[in-house]
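Given next are the chains, with one letter for each unit.
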Amino acid sequence: MGSNFGDFDNDGFLDMYLGTGEPSLSTLIPNRMFKNMEGKRFEEITGSAGVGHLQKGHGVACGDWDRDGNTDVFIVMGGAVDGDRYHNILFQNPGHDRPWITVKLVGQKTNRAALGARIKVVGDGEKPLTVHRHISSGSSFGGNPLQQTIGMGESKKIATLEVHWPTSQTTQVFHDIDLNQAIEITEGEAGFKKLPWRAVAVPK
């Protein structure tokens, strides 16, 4: 009934979360999470991640809700009838101590939300991690933030960041960018702006 994707462990590969809702009152299937194993296969991690909620999952959204660099999961829960209702759930990501960068794009000739733009990020090191992202809302049944929180695996720095804008058909290229920060890139401007984001304190 719902699914979406996000890099939950900041290794650079998109994982996925499935909301296994079904209208029948008798149906009981845990929602499921799958880890992307370096682009080769997916491995179920529902149990170890502690996200196998038994209530019926529907719209799924994956994004860095608390601005700490880790992708969290929000899911609409509950069945189709009154007796099967349940409150919505936020699974807060505890983090994996891997670096990240959040990129917010602002279009000028391209639509302001930068829908359709593409980002390519290349890390440093002998075998640099290369990550590609496409600006969209993610799933059709539940939506992700348009800003991209990108995990960078074992990288110490970003060697190259490229943004391709669909309307102007231009590409901006930036080099030597620090990790663990949020930046804003505006179409056609020479530099980027660091956003004054701080992690949101969540009551225990």
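These figures come from a predicted structure and were not determined experimentally.

Enquirer: Please explain the sheet that holds strand β9 (residues 118-123) as it appears in this structure.
Expert: Working definition: the strands of a sheet are paired by backbone hydrogen bonds and lie parallel or antiparallel to each other. Taking strand neighbours across the sheet as the criterion, the four strands line up as β10-β9-β12-β13 in an open arrangement whose pairing is antiparallel. Edge positions in the sheet fall to β10 (130-134) and β13 (170-177), since each has one partner strand and no second. Adjacent strand axes in the sheet meet at a mean angle of 15°, parallel and antiparallel pairs treated alike. Pairing of strand β12 (residues 158-165) with β13, which is carried by seven bridges, proceeds in the antiparallel orientation. Residue His164 lies in a different strand from β13, and its bridge partner there is Thr171.

Enquirer: Whenever I open this one, the sheet that holds strand β15 (residues 193-194) confuses me. Can you help?
Expert: In space, the four strands of this open sheet follow the order β11-β8-β14-β15, with mixed pairing throughout. Of all the strands in the sheet, the pair left with one neighbour each is β11 (148-151) and β15.

Enquirer: Could you clarify how one ought to interpret unusual backbone geometry in this entry?
Expert: As a rule of thumb, non-glycine residues mostly have phi less than zero, and peptide bonds are mostly trans rather than cis. One non-glycine residue, Ala114, lies in the positive phi region at around 65°. Although it is not a glycine, Gln169 adopts a positive phi angle of roughly 55°. Looking at the element boundaries, Gln169 is found in the loop between β12 and β13.

Enquirer: Would you mind showing me how to read the packing of aromatic side chains here?
Expert: Note on aromatic pairs: each is described by the distance of the centres and the angle between the planes. One pass over the structure, following the stated rule, counts two aromatic pairs. Between the aromatic rings of Tyr17 and Phe91, the centroid separation amounts to 6.2 Å while the plane-to-plane angle is 65°, which identifies the pairing as edge-to-face. Note that Tyr17 is positioned in strand β2 (residues 15-19) and Phe91 in strand β7 (residues 89-91), a separation of 74 residues in sequence. The exposure class of Phe91 is buried, given its relative accessible area of 17%. Consider the rings of Phe174 and Phe192, whose centres lie 5.7 Å apart with planes at 80°: the pair is edge-to-face. Of this pair, Phe174 sits in strand β13 while Phe192 sits in the loop between β14 (181-186) and β15; the two residues are 18 residues apart in sequence, bridging distant segments of the chain. Here the basic side chain of Arg67 rests over the ring of Trp197, its NZ or CZ set 4.0 Å away from the ring centre.

Enquirer: Explanation requested: the nonpolar core in the structure shown.
Expert: A general trend in soluble globular proteins is that nonpolar side chains are found buried together. Ranked by internal contacts, the top residues of the largest apolar core, which has 21 residues, are Ile101, Val103, Leu105, Ile150, Ile158, Leu161 and Ile185. Within the residue set of this core, elements represented by two or more residues are β8 (100-106), β9, β12, β13 and β14. Tallying contributions element by element places β12 first for this core, with four residues. Dropping the residues within four chain positions of it, Leu105 is found in contact with Arg112, Ala113, Ala114, Ala117, Ile119, Ile135, Val163, Trp165 and Ile185. Within the second largest apolar cluster, twelve residues are counted, among which are Phe8, Met33, Val73 and Met77.

Enquirer: Where do I start with the pairing of β10 in this structure?
Expert: Walk down a regular strand and you will see the side chains alternate between the two sheet faces. Side chains of β10 alternate between two faces, with Val131 and Arg133 buried and Thr130, His132 and His134 left unburied. Across five bridges, β9 lies against β10 in antiparallel orientation. For Val121, the partnering residue across the bridge sits in β10 and is Val131. Remark: six residues form the turn of the hairpin made by β9 and β10, two consecutive strands paired antiparallel; Gly125 in that turn has positive phi of roughly 100°.

Enquirer: Quick question: what am I supposed to make of the environment of Gly47 here?
Expert: With respect to the helices, strands and loops of the structure, Gly47 is situated in helix α1 (residues 46-49). By relative accessible area, Gly47 is classed as exposed at 68%.

Enquirer: So what exactly am I meant to see when it comes to the pairing of β8 here?
Expert: The element β8 is largely enclosed, with a buried count of six among its seven residues. Bridge count for β8 against β11 is four bridges, and the pairing is antiparallel. Across the sheet, Trp100 pairs through a bridge with Gly151, a residue of β11. Sheet topology places β8 next to β14; six bridges connect them, and they run parallel. Bridge assignment links Val106 to a residue of β14, and that residue is Thr186.

Analysis parameters
Residues numbered from 1 in each chain as written. Predicted model: local features only at pLDDT ≥ 70, side-chain atom pairs only at ≥ 80, totals over all residues. Heavy atoms only, no water. Pairing = 2+ DSSP bridges. Helix = DSSP H or I, 4+ residues; strand = E, 2+ residues; numbered from the N terminus. Axes fitted to C-alpha atoms, helices over the stretch in contact; angles between N-to-C directions. Phe/Tyr/Trp six-rings, centres within 6.5 Å; stacked < 30°, edge-to-face > 60°. Buried < 20%, exposed > 50% of the residue type's maximum accessible area, 1.4 Å probe, protein only. Lys NZ or Arg CZ within 6 Å of the ring centre and 35° of its normal. Core = buried A, V, L, I, M, F, W, Y, C linked by side-chain atoms within 4.5 Å. Contact = heavy atoms within 4.5 Å.

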